[in-house]
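Take a look at the letters that make up each chain.
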Amino acid sequence: MGFKLPELNFSYDALEPSIDARTMEIHHSKHHNGYTNNLNNAIQGTSLDSSTIESILVDLDMDNKGLRNNAGGYYNHNLFFENLAPKSDLKPSDTLNIAFQRDFGTFESFKQKFISTASNHIGSGWTWLILNKDGKLEIIQTNNQDNPLMKDALIKGKPLLNIDTWEHAYYLQYQNRKLDYIRKVFELLNWDLISKKYDALILK
Ligand code: MN
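Rules and cut-offs
- Residues numbered from 1 in each chain as written.
- Predicted model: local features only at pLDDT ≥ 70, side-chain atom pairs only at ≥ 80, totals over all residues.
- Heavy atoms only, no water.
- Helix = DSSP H or I, 4+ residues; strand = E, 2+ residues; numbered from the N terminus.
- Buried < 20%, exposed > 50% of the residue type's maximum accessible area, 1.4 Å probe, protein only.
- Contact = heavy atoms within 4.5 Å.
- Donors = N, O, S within 2.8 Å, 3.2 Å for Na, K, Ca; no water.

Engineer: Is there a simple way to explain the environment of Asn 69 in this structure?
Structural biologist: When you line up the elements, Asn 69 lands in helix α3 (residues 65-82). On the basis of relative accessibility, which here comes to 29%, the residue Asn 69 falls in the partly exposed class. Considered as a pair, Asn 69 and Asn 144 are 75 residues apart in the sequence and their alpha carbons are 7.5 Å apart. Not counting residues within four places of it along the chain, the set of residues in contact with Asn 69 comprises Tyr 35 and Gln 145.

Engineer: Sorry if this is basic, but what is going on with unusual backbone geometry here?
Structural biologist: Between Glu 16 and the following residue, Pro 17, the backbone shows a cis peptide bond with an omega angle of 5 degrees. Of note, the phi angle at Asn 144 is positive, near 55 degrees, even though the residue is not glycine. Tracing the backbone through its elements, the reader meets Asn 144 in the loop between β2 (137-143) and β3 (158-164). A positive phi angle, near 45 degrees, is found at Gln 175, a position not held by glycine. Here Gln 175 is to be found in the loop between α6 (171-174) and α7 (178-186).

Engineer: I keep staring at the coordination of the manganese ion and nothing clicks. Help me out?
Structural biologist: By definition of the ideal shapes, four donors in a tetrahedron about a metal sit 109.5 degrees apart, and six donors in an octahedron sit 90 or 180 degrees apart. For the manganese ion, the protein coordination sphere consists of His 27 (NE2), His 77 (NE2), Asp 164 (OD) and His 168 (NE2), at 1.9 to 2.1 Å. Positions of the donor residues of the manganese ion along the chain correspond to the pattern H-x49-H-x86-D-x3-H. Remark: Asp 164 occurs in strand β3 and His 77 occurs in helix α3; sequence separation between them is 87 residues. Per residue, the accessibility class of His 77 equals that of Asp 164, and both read buried.

Here is the structure:
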């Protein structure tokens, strides 16, 4: 039993030149794998052993720092990696595009706001697009491996996409050029998949 490290839908070099193969390999096979193994060690033999990752996060005791870090790290990287696509020239569906227009004016204004929010985040963390409790799209940030499913999250919601702004996500290739990394990774987003996730969330 336990959680498995999801395989990527592409090879480690498939996102070059936006994300180099070495960064992808270390990020997936070391960092993401580490969160996966630590999560499994933390829940082995406990009542959480057969839980879904979502229910572990929703019910998490925020004082349990090890589980908070590793369950968050597992979920956050699952979402991040599955939402990337090599040479993505994909666009949001009409339904999602209308939601961007409703909540941000245009897709382009969403994009600029998302990129500037991510680049202004201080320290290790994530920037998210969520569907909030009012059914609106909202950009939020979390620190470390926290995420918007956790009960003490400042703003809770259902995640659609996230971008990792921990230094391990970009430093080998981009060093201090965090904004360049964020701009490039934004262009890799798989809008076909994200649009399907949005459809699934609004139908619930
Ligand atoms: Mn990471």
